[in-house]
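Secondary and tertiary structure notes
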Amino acid sequence: LQDIIEFKHEEPEKKDTEPVSAKPAFETGMSESLSPLQLVLIAEDFAFKEIERRYNKPIQRHIRIISPDKELEFDGLLELKNKSIICASKIIPHASFPLEPLYQSVQHILHQTAEYKKLLPRNKKLHVSYVIVSTFNNEAKEKLLRKLDANVTSVTSEMFEVEFLLYSFEELGLPLLDSIKS
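We now turn to the structure provided with this report. (Residues numbered from 1 in each chain as written. Predicted model: local features only at pLDDT ≥ 70, side-chain atom pairs only at ≥ 80, totals over all residues. Heavy atoms only, no water.)

A few points about the overall build of the protein chain
The number of helices and strands found in the protein chain is 6 helices and 5 strands. Its helices and strands taken in sequence order, the protein chain reads α-α-β-β-β-α-β-α-α-β-α from the N to the C terminus. A buried classification covers 40% of the 182 residues belonging to the protein chain. Considering only residue pairs separated by 6 or more positions, the protein chain has 69% of its internal contacts joining residues 24 or more positions apart. Carbon and sulfur atoms make up 52% of the accessible area of the protein chain, which amounts to about 12100 Å² in all. (Helix = DSSP H or I, 4+ residues; strand = E, 2+ residues; numbered from the N terminus. Buried < 20%, exposed > 50% of the residue type's maximum accessible area, 1.4 Å probe, protein only. Contact = heavy atoms within 4.5 Å. Areas by Shrake-Rupley, 256 points an atom, 1.4 Å probe, with all protein chains shown as cover.)

This is the structure in structure tokens:
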């Protein structure tokens, strides 16, 4: 008790080193050291966190479902009481990109989701959240969204809901390196 009464607040000893920042590398000006792959992984993580906030539940990442006759892989899966949400992502760290590979990716995930639907109880709803992160401006996002919606067949939309979530790197708080922009 005597030690507590006599306790004096002492100034911390000054050191020659700089304080360590708890901020992520892209906020401390070290974004130049991020590789394109690291940027892609961080962008996917930030985009999935947006979905997690919406449902207040964490997404299970990198899911593989193996049954006797098929193997399904998803970027993420969110299991709710009455609904399963398949999460897919496409991170495109450059301004222009061909649409055909994107359409193929969407069709692949929709096919995988239809197969997964067969494994679920009949009364459980299924939803697909397909996230795309790129260097979008609002006009480009709206245009791409119309094209993607037109690419989803009515048969698919009867089996499960599909939503496309388009984010720019800026919206997720990620600066894009000049070398990646070009």
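Next comes the rest of the account.
Concerning unusual backbone geometry
In this model, Asn56 sits at a positive phi of 55 degrees, which is unusual for a non-glycine residue. As for its placement among the helices and strands, Asn56 is situated in the loop between helix H2 (36-55) and strand E1 (60-67). The backbone of His62 shows a phi angle near 50 degrees, a positive value even though the residue is not glycine. By secondary structure assignment, the location of His62 is in strand E1. Overall, the relative accessible area of 57% leaves His62 in the exposed class.

A word on helix H3 (residues 99-117)
In a regular helix each residue adds 1.5 Å, so 19 residues correspond to 27 Å; H3 covers 27 Å between its end C-alpha atoms and thus fits that length. Considered for burial, the residues of H3 that qualify are Leu102, Tyr103, Ser105, Val106, Ile109, Leu110, Gln112, Thr113, Ala114, Glu115 and Tyr116. (Expected span 1.5 Å × (residues − 1).)

Topic: the sheet that holds E1
Ordered in space as E1-E2-E3-E4-E5, the 5 strands form an open sheet in which the pairing is mixed. Each of the sheet's edge strands pairs with one partner strand only, and the pair in question is E1 and strand E5 (161-168). Put simply, the sheet's adjacent strands are angled 40 degrees from each other on average, direction ignored. Pairing geometry for strand E4 (residues 125-134) and E5, over 8 bridges, is parallel. The residue of E5 that forms the bridge with Ser134 is Ser168. Sitting on the sheet, H3 is in contact with E1, strand E2 (70-79), strand E3 (83-91), E4 and E5, with an inclination near 90 degrees to E2. With respect to the sheet, helix H4 (residues 138-151) is in contact with E4 and E5, its orientation differing from that of E5 by roughly 160 degrees. (Pairing = 2+ DSSP bridges. Axes fitted to C-alpha atoms, helices over the stretch in contact; angles between N-to-C directions.)

Some thoughts on the pattern of salt bridges
Considering all chains together, one arrives at 12 salt bridges under this definition. The salt bridge involving Lys49 is made with Asp45; its shortest N-O contact spans 4.0 Å. Highlighted residues: Lys49 and Asp45, both in helix H2, separated by 4 residues, approximately one helical turn. Under the relative-accessibility criterion, Lys49 is labelled partly exposed at 33%. The residue Arg64 makes a salt bridge to Glu71 at a minimum N-O spacing of 3.3 Å. Given the relative accessible area of 44%, Glu71 is considered partly exposed. When salt bridges that share partners are traced, they join Asp45, Lys49, Glu52 and Arg61 into one network. (Salt bridge = Lys/Arg side-chain N within 4 Å of Asp/Glu carboxyl O.)

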